[in-house]
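# Analysis of the macromolecular model
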Amino acid sequence: MRQPALIQVKGSSAPNSLKESLMNFVKLLGALLIAAGVLGLVYGGFSFTKETHDLKLGPIELTLKEKESVNIPSWAGIGAIALGAAMLLFGGKKR
């Protein structure tokens with residue numbers, strides 16, 4: 001019974017490409033954190049509408065919608081910017 005031959009490619013950079021992919025992901029995540037932090041500081045929060053109650057009485061339908069708002073603290077925006085900057089600066093270092 002013959003065994004399949006193993007194929008080896010000299011100079012293969014599979015571990016390096018994995019490391020580069022991880023570095024690119026860290027840089028992308030850092031950039032997204034910076035953008036989210038800046039948006040949090042500029043807008044200070046966001047609001048959304050949610051439906052809470054439905055009432056159906058024959059042909060009459062009543063729906064109650066509540067507007068909710070979420071405030072984003074300044075320290076969270078500043079922290080996201082600092083963490084994103086650290087990820088951009090130190091996440092791309094080759095060791």
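I will try to describe carefully the structure that is included in this document. (Residues numbered from 1 in each chain as written. Predicted model: local features only at pLDDT ≥ 70, side-chain atom pairs only at ≥ 80, totals over all residues. Heavy atoms only, no water.)

Here we take up a nonpolar patch on the surface. Taken together, the side chains of Val38, Leu39, Val42 and Tyr43 make up a nonpolar region of the molecular surface, amounting to roughly 430 Å² of accessible area. Relative to the elements of secondary structure, Val38 occurs in helix H1 (residues 14–43). What makes Val38 partly exposed here is its relative accessible area of 39%. (Patch = residues over 30% accessible without salt bridge, like charges linked within 9 Å, V, L, I, M, F, W, Y side chains within 5 Å. Areas by Shrake-Rupley, 256 points an atom, 1.4 Å probe, with all protein chains shown as cover. Salt bridge = Lys/Arg side-chain N within 4 Å of Asp/Glu carboxyl O. Helix = DSSP H or I, 4+ residues; strand = E, 2+ residues; numbered from the N terminus. Buried < 20%, exposed > 50% of the residue type's maximum accessible area, 1.4 Å probe, protein only.)

What follows deals with the pairing of strand E1 (residues 45–57). Pairing between E1 and strand E2 (residues 60–71): 12 bridges, direction antiparallel. Bridging from a neighbouring strand, His53 pairs with Leu64 of E2. Two successive antiparallel strands, E1 and E2, enclose a turn made up of 2 residues, where Gly58 displays a positive phi of approximately 65°. (Pairing = 2+ DSSP bridges.)

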